[in-house]
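# Observations on chain architecture
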Amino acid sequence: MSAALRQNRFAAVEERGARLGVAALCRALAVPRATLYRRRKPGTQRTRRPSSRALSPAERQAVLATLHSDRFVDGAPASITARLLDEGTYLCSTRTMYRILSSEGQSRERRDQFRHPAYVRPELLATRPNQLWSWDITKLLGPAKWTYYYLYVLLDVFSRYVTGWMIAYRESATLAARLIDEACRSQGISPGQLTVHADRGSSMTSKTVAFLLADLGITKTHSRPHVSDDNPYSESQFKTMKYRPDFPDCFGSMQHARHWGSPFFHWYNHEHRHGGIAYLTPADVHYGRAEEILRRREEVLAGATRQHPERFVRGAARLARLPEAVWINKPSIVLEAEKRGYPDSSPVAISHPGASQGPRSHPADPSPSLFPPNPPYPSLTLSSPKNRAMTVSDTH
């Protein structure tokens, strides 16, 4: 941990400790409480006394001069120690040589090494539809070995509504950009409203998609390399699709894949009761019908309770509630605050890339009038006005 990051974490504990609890914050931020309390007392910084067995400055310089000499400049400390012992000389131990070299910044791999950058864990928040989307591409097995079709899916994280899908012969950044552009137009996305999250595939990190998102005023984020659960909602949607009873072992043709996909995505958006959104359909949540449906469910349950109170010995049954906030990688400080039951730690008030400001109203329910008779792209056609699904023409 760098000194600047360590200092920032101590400052965060000092600032929010009174409200959220010092112990909880220290655990969440990996800050030692003993160090925090010691820093609060002026003049209590401990200094290490030099050991009586340590080398004197003159002896350290003699070791450095020996290591820098023409005889030993390219040698390893262990071999240098052995050669000096053969000559009847002992300066210090091999480990001490390494310590001296390290203190001078001279102990490292001689060859240049590739250092992977420190990727930050994405922490994205959605509190309403069309605020955070995730998208991914999966392969559909074709009629022959090593033959695949590529399914592109755009998913609203808050409502789980599929805002666009496409099946193509190949993975292409140009096709992905067209899909995203058309989905944003059909949903009426305004600049600064949306964050789009994806993994680090070639299409997701392409300049074509990056330039399009920049032109549309959309923030883009990516998963960390080799971390599959940084994009959990798209992966979960793919699992739901591939575990359907009628999902074929392979698709005989592109037309077969599209013929199967169109009714599936209509079912997923308008009929599938999703466990993560109080067993509502994604379309109900996406287009603002959730509260009315939940209210009617409560009325039915209340009527059943009044009719047969003896069957509800613990009172009326509790219905699942629609989440107020949906996270990709919920921060540990929020988890700690929820565990301790702090009411002021609502995630809605926390600013995150996925919580960009935009219109509070729900998007309009789609109707055929929203779709022009001639699609703007010759290779894209809208397959269903109900779920805004998009497919690609059969050209390679």
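Rules and cut-offs
Within each chain, residues carry numbers counting from 1 in the order of the written sequence. For this predicted model, a pLDDT threshold of at least 70 governs which residues receive local features, and a threshold of 80 or more governs which side-chain atom pairs are given and counted, while totals over whole chains, interfaces and linings are taken from all residues. The side-chain numbers reported here are obtained from all heavy atoms of the structure, hydrogens and water having been left aside. Helical segments are the DSSP runs of H or I of at least four residues, strand segments are the runs of E of at least two, and each set is numbered from the N terminus. Helix span is expected to be 1.5 Å times the residue number reduced by one. Note on classification: 1.4 Å probe, protein chains only; a residue is buried when its accessible area is under 20% of the maximum for its type, exposed when over 50%, partly exposed between these limits. The directions considered for the arc are those from the helix axis to the C-beta atoms. For this analysis, residues touch if any pair of their heavy atoms sits within 4.5 Å. Every residue is assigned a pLDDT by the predictor, reflecting its confidence on a scale from 0 to 100. The rule for a salt bridge is simple: a side-chain nitrogen of Lys or Arg has to be within 4 Å of a carboxyl oxygen of Asp or Glu. Here, a strand pair is defined by DSSP locating no fewer than two bridges between the strands. One fitted axis covers the seven residues ending at a residue, a second covers the seven starting there, and the bend at that residue is the angle between these axes.

### What about helix H4 (residues 57–68)?
Along an α-helix, residues three or four positions apart point the same way, because every turn accommodates 3.6 residues. Look at H4: 16 Å from first C-alpha to last across 12 residues, which is about the 16 Å you get at 1.5 Å a residue. Listed in full, the buried residues belonging to H4 are Val63, Leu64, Thr66 and Leu67. For H4, the buried positions fall inside an angular range of 160° around the axis, keeping them on one side. Exposed positions of H4 whose direction lies more than 90 degrees from the buried face are Pro57, Ala58 and Gln61. Each element contacted by the buried residues of H4 is listed here: helix H5 (77–86) and helix H6 (94–103).

### A look at the confidence of the model for the chain
Interpretation of this model should avoid reading the predicted coordinates in detail wherever pLDDT is low. The predicted model of the chain averages 84 in pLDDT, with 85% of residues at 70 or higher. Taken together, the stretch residues 355–359 has pLDDT below 50 and engages in 17 contacts with residues farther than four places along the chain or on a different chain. With pLDDT under 50 throughout, residues 367–396 is counted as low confidence; its partners more than four residues away or in other chains account for 79 contacts.

### Here's the deal with the pattern of salt bridges
With the rule as written, the count across this model stands at 10 salt bridges. Asp284 serves as the salt-bridge partner of Arg289, at 3.1 Å between the closest nitrogen and oxygen. Owing to a relative accessible area of 30%, Arg289 belongs among the partly exposed residues under this scheme. Residue Asp284 is classed as buried on the basis of its relative accessible area of 11%. A salt bridge links Glu299 to Arg295, with the nearest nitrogen and oxygen atoms 2.3 Å apart. Pair noted here: Glu299 and Arg295 are both in helix H12 (residues 290–307), with a separation of four residues, about one helical turn. Judged by relative accessible area, which is 45%, Glu299 ranks as partly exposed. The exposure class assigned to Arg295 is partly exposed, which follows from its relative accessible area of 37%. Bridged by salt links that share partners, the residues Glu292, Arg295, Arg296 and Glu299 form one connected network.

### Quick word on the pairing of strand E3 (residues 148–156)
The element E3 is extensively covered by neighbouring structure, given that eight of its nine residues are classed as buried. Relative to E3, strand E2 (residues 132–141) runs antiparallel, the two sharing nine bridges. If you follow Leu141 over to E3, its bridge partner there is Tyr148. Counted between consecutive antiparallel strands, the loop separating E2 from E3 contains six residues, among which Trp146 sits at a positive phi close to 65°. Linking E3 back to strand E4 (residues 162–168) in an antiparallel pair, the connection comprises five residues, with Arg160 at a positive phi of about 65°.

### Section: helix H1 (residues 3–20)
The end-to-end C-alpha separation of H1 is 24 Å, in line with the 26 Å expected for 18 residues at 1.5 Å each. By the largest-angle criterion, Glu14 marks the main kink of H1, which is about 35°. Those residues of H1 not exposed but buried are Phe10, Val13, Gly17 and Leu20. Those residues of H1 that are buried lie in contact with helix H2 (22–29), helix H3 (33–40) and helix H13 (332–340).

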